[in-house]
Amino acid sequence: MSTVFRAMCRFSSTRFSPRIFHCVSLTLPTVVGRNICVGAIEVTSTPTSADRRSAHRLSVPMPRCRRTGRPWSCSMTQLRQWVHHPHRKEPKVSSAGVVPLLGRVAAAVSEAIARVRPETADADPVVRRSDRADFQSNAALPLAKRVGMAPQQLGADLAAGVGLTDGVIADVKVSGPGFLNITLADSAVWEAVAARLVDDRLGVPTIEDGQRVVIDYSAPNVAKEMHVGHLRTTIIGDSLARVFGFLGADVVRANHLGDWGTQFGMLIQYIDEHPESPWHTEELDADTSSVSALDSLYKAARKQFDSDPGFADRARTRVVALQAGDPDTVARWREIVAESEKAFGAIYDRLGVLLTPDDYVGESFYNDQLADTVTELLDKGAAVDSDGAVVVLSERVTGPDDQPAVLMARKRDGGYGYDSTDLATIRYRIAALHADRLLYVTDSRQALHFQLVFEAARRVGWLTDAIEVDHVAYGTILGPDGKPFKTRAGGTVRLMDLLDEAVARVRAVVAEKNPDLSSAELDTIAEQAGIGAVKYADLSTSRVKDYTFDPDRMTALNGNTGVYLQYAHARVCSILRRADAATPAVVDSAGPLEPAERELALALDGYGTVLAEVADALEPHRLAGYLYDLARAYTSFYDSCPVITADEPIRSNRIALCQLTARTLELGLGQLGMAAPQRM
């Protein structure tokens, strides 16, 4: 008789949808050499020289990720180490991670389903956290309809079939119309805590290993101030880059700067005619950035262009010179780009995002690829000539006039625009960067544009089924009046001004809470918490929704705020200092387990699951929500379970929970791009 293994099962939860780990039944009748035969599918554990990336990965036709439709896959190492075996009592610690308790429970339910009703062995075990037990399985309800029996009877059969001999599950009870209420063994919970505590990655596997993910985010315009509109793309993109990187992906951060266009001819001409106007960093005072000066010069140039025909003619001539590669004009343009990049770097440093000059790839980079891009579109029939222009006519989207939506690959005058550059960009990222996944983090108003770009890329053959692409759309930041956030004068809010305000408010809050802090300590904490407050207010909101920028709410010490989470981390660190717990505590798995300890341990066990869901759904707010729930679980634990004064082995076990909480909060905040202060 063959043995049924289950690798990282599909599950349901109260807040999260499953990622890639859908229920995969591997019936292993035989193992031949280093090849595992799974029915008609053969999985090779050693990569071939022909294709080292794909040969060592398991791909099965079913089931698939419900969001992407992509087959579930894992490396052979992950498969071996994440498989649940009925005789293994302790979690495994390795590069493949620690199997979450939820996954082990789901595996046990799946095995029970296979034993009780073999014809439904592929069924979803439908396991989630429960307030009536540790976990609940609702599998009996849909299965009962499928096999034609009463749900309660099927539930009773499944409960009897769930194995209790491996030390993971202590009890299974049937309730209601067939729900299985599942309670874990105390020792299994403590063993999971111990396994995660001694692992550098807290037991989180590198599930994105072997994937190259290109993330396009931030993308400010050269010679223009970064403003509130750049906040969401920058911090959402940065958080996704951090999560994918931690999960093992080869992340390519792409800052697609707006560094090319006719506006530069006008600006360069104005600068040359007004040499007395300062705009280099060394010519400006500390409170004025080069992009602020350049932005002012551009506005002055625009005004003169509209009112002075002579200047307008000279500006147009300068545009031609720039596009023709005139040395003096190009040199001035490069100066403007360099000064702008310095200013962007200062904001990125203050925001604490990962972007560096090595990640800057402006629109100008693609100039010499535009003609070839258009030629390929024409040659492969994806684009057509339209009155002298070259366009891609959508086969899926129509405009208000019921005519196909149009992507302009080349203008009638032979020029190239925004559409042209984005087509060349996706072509380059697939052909030259070998992307497995492409993410474009821009506001929701660009949804149609990217839909057309992705469609064109598929029709020409650049974008295949093997490559995943997503427009990571987000909503708008609103002011107190419920309208897009503006200054009182109706202008755009400078990003640096917004950060200054948040830092000042946090400084006042922290100074009142802890008046003994030195001025230097207060400044450091205020900067960390103020920037963190801005980030968390954004990242804790579903990215597709608009949200109101409210400095008072986002800097509060109570409630779902970044300051609250940072304070929670500092509080745990304070307890550990008082306990003199500098090294990982030794966990006694035979020790008692109080309800608050149990709740905290189970919350800690879900960290890796949440990161996987963030990577799949591209929604950092799931991680933010998890960290807030974790902080609340820790507060309940600390209020009811004395740590420092407890007797052994209870004291060591509780210190272990504190240590794992501190490390999880620190890692999680880091993946949101936030600091985790040890003192506040």
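First, a word on what this report is: a plain description of the structure on this page. Just so it is clear, the model here is predicted, and its values are computed rather than measured.

**Remarks on the nonpolar core**
The biggest cluster of nonpolar side chains holds 163 residues, and the ones touching the most others in it are Ile215, Phe244, Ile336 and Leu498. Setting aside residues up to four positions removed in sequence, Ile215 forms contacts with Gly237, Leu240, Ala241, Phe244, Val251, Val252, Arg253, Ala254, Leu439 and Val441. If you look at the next biggest cluster of nonpolar residues, it comprises 30 residues, including Ala254, Ala382, Leu407 and Ile430.

**With respect to the pattern of salt bridges**
Counting across every chain of the model gives 37 salt bridges. Arg494 serves as the salt-bridge partner of Glu225, at 2.8 Å between the closest nitrogen and oxygen. Taken as a pair, Glu225 in the loop between strand E12 (212-216) and helix H6 (231-246) and Arg494 in the loop between strand E19 (477-478) and helix H14 (495-513) lie far apart in primary sequence, 269 residues in all. In this structure, Arg302 engages Asp306 in a salt bridge whose closest nitrogen and oxygen atoms are separated by 3.1 Å. Pair noted here: Arg302 and Asp306 are both in helix H8 (residues 290-307), with a separation of 4 residues, about one helical turn. What you see here is one network of salt bridges that share partners, running through Asp272, Arg318, Arg332 and Glu335.

**Notes on the environment of Ser218**
Within the secondary structure, Ser218 sits in the loop between E12 and H6. Along the primary structure Ser218 and Val441 are separated by 223 residues, whereas in three dimensions their C-alpha atoms are 7.7 Å apart. The residues contacting Ser218, other than those within four sequence positions of it, are Met226, His230, Thr233, Thr234, Asn255, Tyr348 and Leu355. Here Tyr348 takes part through its side chain, which lies 2.6 Å from a polar atom of the side chain of Ser218.

**Description of the sheet that holds strand E17 (residues 437-443)**
With respect to topology, 4 strands assemble into an open sheet ordered E13-E12-E17-E18, the strand pairing being parallel. In this open sheet, the two edge strands, each paired with only one partner strand, are strand E13 (250-254) and strand E18 (468-474). Across the sheet, the mean angle from the axis of one strand to that of its neighbour is 15 degrees, orientation sign disregarded. The sheet contact formed by E12 and E17 spans 4 bridges and is parallel. For Val213, the partnering residue across the bridge sits in E17 and is Arg437. Strands in contact with H6 are E12, E13, E17 and E18; relative to E17, the strand with the most contacts, it is inclined by about 155 degrees. Sheet strands touched by helix H12 (residues 418-431): E12, E13 and E17. Its angle to E17, the strand with the most contacts, is close to 150 degrees.

**Notes on helix H21 (residues 650-671)**
With 22 residues, H21 extends 32 Å from end C-alpha to end C-alpha; this agrees with the ideal 32 Å at 1.5 Å per step. Counting buried positions along H21 yields 16 of 22 residues, so the element is predominantly enclosed. Residue Gly673 follows H21 closely and has a positive phi angle near 80 degrees.

**Considering the packing of aromatic side chains**
Under the criterion given, the structure shown has 14 aromatic pairs. Ring centres of Trp260 and Trp333 lie 5.2 Å apart, and the angle between their planes is 90 degrees; on these two criteria the pair is classed as edge-to-face. Placement of Trp260 in the loop between E13 and helix H7 (263-273) and of Trp333 in helix H10 (residues 327-351) is noted, with a sequence separation of 73 residues between them. Residue Trp333 is classed as buried on the basis of its relative accessible area of 10%. On the numbers, 5.1 Å between centres and 75 degrees between planes, the contact of Phe365 with Tyr428 is edge-to-face. Here Phe365, found in the loop between H10 and helix H11 (370-379), pairs with Tyr428, found in helix H12; they are 63 residues apart in sequence, far enough to count as distant. Residue classification places Phe365 among the partly exposed positions, given a relative accessible area of 38%. Taken together through their ring pairs, the aromatic side chains of Phe365, Tyr366 and Tyr428 make up a single cluster. Above the ring of Phe135, the side-chain terminus of Arg129 is found at 6.0 Å from the ring centroid. Seen from the ring of Phe246, Arg201 lies directly overhead, with NZ or CZ sitting 4.1 Å from the centre.

**Let's talk about the state of the cysteines**
By definition, a disulfide is the covalent link that joins the sulfur atoms of two cysteine residues. The final tally for this structure, using the stated rule, is 0 disulfides. Free of any disulfide, Cys641 has its nearest neighbouring cysteine sulfur in Cys658, separated by 9.7 Å. Residue classification places Cys641 among the buried positions, given a relative accessible area of 2%.

**Here's the deal with a nonpolar patch on the surface**
Taken together, the side chains of Val384, Leu393, Val406 and Met408 define a hydrophobic patch exposed on the protein surface, amounting to about 280 Å² of accessible area. Examined against the element boundaries, Val384 turns out to sit in strand E14 (residues 384-386). Among the residues examined, Val384 registers a relative accessible area of 36% and is labelled partly exposed.

**Description of the packing of helix H9 (residues 309-324) against H10**
Packed helices, taken two at a time, are described by the angle between their axes plus the distance between the axes. Look at H9 against H10: their axes get within 8 Å of each other, and the N-to-C directions meet at 90 degrees. By the angle between their axes, H9 is roughly perpendicular relative to H10. Contact residues: H9 offers Arg318, Ala321 and Leu322, while H10 offers Thr329, Val330 and Trp333.

**Quick word on the sheet that holds strand E8 (residues 127-129)**
Strand order in the open sheet formed by 4 strands is E8-E9-E11-E10, and the pairing between neighbours is antiparallel. Two strands bound the open sheet, and with one partner strand each, they are E8 and strand E10 (169-175). Recorded for the sheet is a direction-independent mean angle of 25 degrees between the axes of neighbouring strands. Relative to strand E9 (residues 135-137), E8 runs antiparallel, the two sharing 3 bridges.

Analysis parameters
- Residues numbered from 1 in each chain as written.
- Predicted model: local features only at pLDDT ≥ 70, side-chain atom pairs only at ≥ 80, totals over all residues.
- Heavy atoms only, no water.
- Core = buried A, V, L, I, M, F, W, Y, C linked by side-chain atoms within 4.5 Å.
- Buried < 20%, exposed > 50% of the residue type's maximum accessible area, 1.4 Å probe, protein only.
- Contact = heavy atoms within 4.5 Å.
- Salt bridge = Lys/Arg side-chain N within 4 Å of Asp/Glu carboxyl O.
- Helix = DSSP H or I, 4+ residues; strand = E, 2+ residues; numbered from the N terminus.
- Polar contact = N/O pair within 3.5 Å; in protein donor to acceptor, adjacent residues only side chain to side chain.
- Pairing = 2+ DSSP bridges.
- Axes fitted to C-alpha atoms, helices over the stretch in contact; angles between N-to-C directions.
- Expected span 1.5 Å × (residues − 1).
- Phe/Tyr/Trp six-rings, centres within 6.5 Å; stacked < 30°, edge-to-face > 60°.
- Lys NZ or Arg CZ within 6 Å of the ring centre and 35° of its normal.
- Disulfide = S-S within 2.5 Å.
- Patch = residues over 30% accessible without salt bridge, like charges linked within 9 Å, V, L, I, M, F, W, Y side chains within 5 Å.
- Areas by Shrake-Rupley, 256 points an atom, 1.4 Å probe, with all protein chains shown as cover.
- Parallel < 35°, antiparallel > 145°, perpendicular 65-115°, else oblique.

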